[in-house]
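Below are the chains, spelled out letter by letter.
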Amino acid sequence: MAIREEGPLGRILVINPNSSTSVTRSMEECLSPVIEATRHAIECIELSRSPPGIETDAHVAEVIPHILDRIGEEDAEAIVLACFSDPGIRQARAATRIPVVGIAEAAYLAALGLGDKFGIVSLGQSSIDRHLRYLKALKLDGRLAGDRSIDMTVVELMDGDVVDTIVKTARRLRDQDGAPCWSAPLRTARM
């Protein structure tokens, strides 16, 4: 085990753009190995004025001002927008000189480092439509094998055990849509 040097390097703010504290706590749980291994101070927050889930284009439009307000208050070294729609990423990047990373864009680029195509498991049809618009803007739509819905809201997702549903959907992406399958351990946490 490597010995960590003392003292923080800087603060990374992970913004859950919705108001769900359970989603934020789940993010912290998923990030716990990273938080323990880094000298960066990583803080996960939600935006209390936002809806409990970001499921529609109206929700995306609603949260962008909240994201920009929070970024304007921050002294972080980097910002992570922790919503797969990457709401307001263009505006956030324009509003600050610090790096702003969206988890969707980061996931797309990481997936393309592993294969020619990738698949997405989405909450619903409005998410699928939004993802396709974003992929076209990023010029990555030709690399999408498929985007399949689990037909759930964020609240439903957090209230249930959805691992089996997500695994079945991922298998359809692999078997029916041609999304590659990578051998990697699956770390599960509640959304």
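Before reading on, note that the structure itself is shown above.
Residues numbered from 1 in each chain as written. Predicted model: local features only at pLDDT ≥ 70, side-chain atom pairs only at ≥ 80, totals over all residues. Heavy atoms only, no water.

A.B. asks: Quick question: what am I supposed to make of the overall build of the protein here?
C.D. replies: The secondary structure content of the protein amounts to seven helices and six strands. Moving toward the C terminus, one meets the helices and strands of the protein in the order β-α-β-α-β-α-β-α-β-α-β-α-α. Radius of gyration (C-alpha) of the protein: 17 Å, near the 16 Å computed for a compact globule of 191 residues. For the C-alpha atoms alone, the extent of the protein along its principal axes is close to 50 × 45 × 35 Å. By residue count, 41% of the 191 residues in the protein fall in the buried class. By sequence separation, contacts in the protein at least 24 residues apart represent 67% of the contacts at least 6 residues apart. Entry remark: accessible area of the protein is about 10,800 Å², with carbon and sulfur atoms responsible for 54%. Here the protein holds 22 positive side-chain charges and 28 negative ones, and the gap between their average locations is 5 Å. (Helix = DSSP H or I, 4+ residues; strand = E, 2+ residues; numbered from the N terminus. Rg over C-alpha atoms; globule rule 2.2 N^0.38 Å. Buried < 20%, exposed > 50% of the residue type's maximum accessible area, 1.4 Å probe, protein only. Contact = heavy atoms within 4.5 Å. Areas by Shrake-Rupley, 256 points an atom, 1.4 Å probe, with all protein chains shown as cover. Lys, Arg positive; Asp, Glu negative; His and termini not counted. Charge placed at Lys NZ, Arg CZ, Asp CG, Glu CD.)

A.B. asks: What am I meant to see in the nonpolar core here?
C.D. replies: Taken as a class, soluble globular proteins show a tendency for nonpolar side chains to be buried jointly. With 27 residues, the main nonpolar core has Ile15, Ile79, Leu81, Tyr108, Phe118 and Leu135 as its most contacted residues. Looking at this core element by element, the count peaks at five residues for helix α2 (residues 57-72). Residues in contact with isoleucine 79, not counting those within four places in the same chain, are Leu13, Ile15, Ile71, Glu74, Ile98, Pro99, Val100 and Val101. Among the nonpolar cores identified, the runner-up in size contains 15 residues, and Ile12, Cys44, Met158 and Val162 belong to it. (Core = buried A, V, L, I, M, F, W, Y, C linked by side-chain atoms within 4.5 Å.)

A.B. asks: Looking at this structure, how should I read the pairing of strand β5 (residues 118-122)?
C.D. replies: A regular strand carries its side chains on alternate faces of the sheet. Residues of β5 alternate between two faces, with Phe118, Ile120 and Ser122 buried on one and Gly119 and Val121 left unburied on the opposite face. Once you follow β5 into helix α5 (residues 125-137) and on to strand β6 (residues 144-149), the crossover reads as right-handed. (Right-handed = clockwise from strand over helix to strand, strands pointing away.)

A.B. asks: For this particular structure, what's the right way to read helix α1 (residues 21-37)?
C.D. replies: Think of an α-helix as turning once every 3.6 residues; residues three or four places apart then point the same way. Taking 1.5 Å per residue, 17 residues should reach 24 Å; α1 reaches 24 Å between its end C-alpha atoms and fits that length. At leucine 31, α1 shows its strongest bend, of approximately 55°, with the proline proline 33 following within four residues. Along α1, the positions that sit buried rather than exposed are Val23, Thr24, Ser26 and Met27. The inward-facing, buried residues of α1 contact β1 (11-16), β2 (41-46) and α6 (154-159). (Expected span 1.5 Å × (residues − 1). Bend = angle between axes of the 7 residues up to and from the residue.)

A.B. asks: Is there a simple way to explain the side chain of serine 127 in this structure?
C.D. replies: Note on placement: serine 127 falls in helix α5. With residues up to four places along the chain from it excluded, the contact list for serine 127 reads Glu55 and Ser122.

A.B. asks: Sorry if this is basic, but what is going on with the side chain of histidine 66 here?
C.D. replies: Structurally, histidine 66 is set in helix α2. Residue class for histidine 66 comes out buried when judged on its relative accessible area of 12%. When residues no more than four places from it in sequence are discounted, the contact partners of histidine 66 are Leu47, Arg49 and Ser50.

A.B. asks: Explain the environment of valine 154 here, please?
C.D. replies: By secondary structure assignment, the location of valine 154 is in helix α6. You can call valine 154 buried: its relative accessible area is 4%. Remark: the alpha-carbon pair of valine 154 and leucine 123, spanning 31 residues in sequence, is separated by 7.6 Å. Beyond its immediate stretch of four places on either side in the chain, valine 154 contacts Asn18, Val23, Pro52, Gly53, Ile54, Glu55 and Leu123.

A.B. asks: I tried to follow the pairing of β1 on my own but got confused; where do I start?
C.D. replies: With six of six residues buried, β1 is to be regarded as a mostly interior element. Pairing geometry for β1 and β2, over six bridges, is parallel. Along β2, the bridge assignment pairs leucine 13 with glutamate 43. Between the parallel pair β1 and β2, the chain is carried across by α1, and the sense of this crossover is right-handed. Relative to strand β3 (residues 78-81), β1 runs parallel, the two being bridged by four bridges. Bridge pairing in β3 links leucine 13 to isoleucine 79. (Pairing = 2+ DSSP bridges.)

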